[in-house]
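# What the coordinates show
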Amino acid sequence: MTDLRQFTSARVAQERAGNSISTRELLQFQLAHARARDAVYFPLDAASLKRELPAGSLVVRSAAPDRATYLKRPDLGRRLSPDSRGQLTHTDAPVALIIADGLSAIAVHRHAPGLVSRIRSELGDAPIVIVEQGRVAIGDEIGELLGAEISVILIGERPGLSSPDSLGVYVTWSPRVGRTDAERNCISNIRDEGLSLDAAGQLLLALIRECQQRKLSGVALKPSAALLP
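Notes on the structure follow.

What counts, and where the lines are drawn
Within each chain, residue numbers correspond to sequence positions counted from 1 in written order. Selection of residues for local features in this predicted model requires a pLDDT of at least 70, selection of side-chain atom pairs for listing and counting requires 80 or more, and totals for whole chains, interfaces and linings are taken over all residues. As a convention, hydrogens and water are excluded, and side-chain values are obtained from all of the structure's heavy atoms. Numbering goes from the N terminus for both helices and strands, where a helix is a DSSP run of H or I of at least four residues and a strand is a run of E of at least two. For the radius of gyration, the atoms used are the C-alpha atoms, and the globule rule reads 2.2 Å times the number of residues raised to 0.38. The contact definition used throughout considers only heavy atoms, calling two residues in contact when any of these lie within 4.5 Å. Only the protein chains shown count as cover for residues, with accessible areas throughout obtained via the Shrake-Rupley method and a probe of 1.4 Å. Under this rule, positive means Lys or Arg and negative means Asp or Glu; His and the chain ends count for nothing. Working definition for charges: the position is that of NZ of Lys, CZ of Arg, CG of Asp or CD of Glu. Within this document, salt bridges are pairs made up of a side-chain nitrogen of Lys or Arg and a carboxyl oxygen of Asp or Glu, the two lying within 4 Å of each other. In this scheme, a residue with accessible area under 20% of its type's maximum is buried, one over 50% is exposed, and one in between is partly exposed, where area comes from a 1.4 Å probe on protein chains only. Whether two strands pair depends on DSSP finding at least two bridges between them. Remark: nonpolar core denotes a set of buried residues (Ala, Val, Leu, Ile, Met, Phe, Trp, Tyr, Cys) joined through side-chain atoms within 4.5 Å.

### What to know about the overall build of the protein
Within the protein, the secondary structure is distributed over eight helices and eight strands. Here the C-alpha radius of gyration of the protein, 19 Å, is about what a compact globule of 229 residues would show, namely 17 Å. Taken over the C-alpha atoms alone, the protein extends approximately 65 × 45 × 30 Å along its principal axes. By sequence separation, contacts in the protein at least 24 residues apart represent 67% of the contacts at least 6 residues apart. Carbon and sulfur atoms form 51% of the exposed surface of the protein, whose accessible area is close to 11,700 Å². Charge centroids of the protein, computed over 28 positive and 26 negative side chains, lie 4 Å from each other.

### Considering the pattern of salt bridges
Using the criterion set out here, one finds twelve salt bridges in the structure. The salt bridge involving Asp 165 is made with Arg 110; its shortest N-O contact spans 3.0 Å. Taken together, the positions of Asp 165 in the loop between strand S6 (150-156) and strand S7 (167-173) and Arg 110 in helix H6 (residues 105-123) put the pair 55 residues apart, joining distant regions of the chain. Between Arg 184 and Asp 181 there is a salt bridge, and its shortest N-O distance comes to 3.2 Å. Assessed through its relative accessible area of 7%, Arg 184 is described here as buried. Among the charged side chains, a network of salt bridges with common partners joins Arg 79, Arg 85 and Glu 141.

### Looking at the environment of Ser 188
In this structure, Ser 188 sits in strand S8 (residues 184-190). The spatial distance from the C-alpha of Ser 188 to the C-alpha of Leu 207 is 13 Å, given a sequence separation of 19 residues. Not counting the four nearest positions on each side in its chain, Ser 188 is found in contact with Glu 157, Leu 167, Gly 168 and Leu 195.

### So, the pairing of S6
Regular strands place side chains that alternate from one sheet face to the opposite one. Where burial is concerned, most of S6 is hidden: seven out of the seven residues are buried. Side chains Ile 150, Val 152, Leu 154 and Gly 156 of S6 all project onto a buried face; the interleaved residues Ser 151, Ile 153 and Ile 155 project onto the opposite face, where all are buried too. Bridge count between S6 and S7: seven bridges; the pairing is antiparallel. Looking across to S7, one finds that Ile 153 is bridged to Tyr 170.

### Some details on the nonpolar core
Among the nonpolar cores identified, the biggest contains 35 residues, and Ile 99, Val 152, Leu 154 and Val 169 are the most heavily contacted of them. Among the secondary structure elements, those contributing two or more residues to this core are helix H2 (46-51), strand S4 (95-100), H6, strand S5 (128-132), S6, S7, S8 and helix H8 (197-214). The biggest single contributor to this core is H6, with eight residues. Residue contacts for Val 169: discarding those within four places in its chain leaves Leu 115, Val 152, Ile 153, Leu 154, Asn 185, Cys 186, Ile 187, Ile 190 and Leu 204.

### Quick word on unusual backbone geometry
Non-glycine residue Ser 174 carries a positive phi angle of around 50 degrees. Note on placement: Ser 174 falls in the loop between S7 and S8. For Ser 174, a relative accessible area of 28% puts it in the partly exposed group. One non-glycine residue with positive phi stands out, namely Asn 189, at about 60 degrees. For Asn 189, the location among the structural elements is in strand S8.

### Some remarks on the pairing of S7
Burial of S7 is extensive: six of the seven residues sit out of reach of the surface. Sheet topology places S7 next to S8; five bridges connect them, and they run antiparallel. In the sheet register, Thr 172 faces S8, and the bridge partner there is Arg 184.

Below, the structure is given as structure tokens:
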């Protein structure tokens, strides 16, 4: 059983001490739990992130005024603050790139700039919007205000005990307020121990092309050979 540990970060073949796990296993669990909690509360450094992205990136905020409110009121994280709405103007850009902290700003800082660099050349002058205290659906409002055909939101995923820095990507055709999760496609587990940035970038570009060709996204968009890893 211990040989399984070289293939997975899951908690398998744990050491035992009588009827319980060993002290070492307990301490490792507590460390993983602490890292997951830290990821949820780690603040997004929007200014630092902006310096790693192409010039012209815009920073906005959701309607959640602070982290505590964001965690208690998911609905506020799905909408822009009134001031932020006024910063966005209609551009008719085919694709809008949005980066939100979500539930792991650590994931965003570690992986979002690298993923953007891998897809940027294929997307031309796609506007980039950084969102503080944002959730997935905020990309619908931003994409609608920008007049984009497709919104692509890069967001920190809910931390797990073995993955506190996992980045997710959600793609929505014709973004507008009121879109449901069934109307978007997701690429998840983007991290060093999961889906690589190169593979995620290729998959994302293929998915964007598929959306543009078929003018839809979500459960109606069945994976084709172009979308397979």
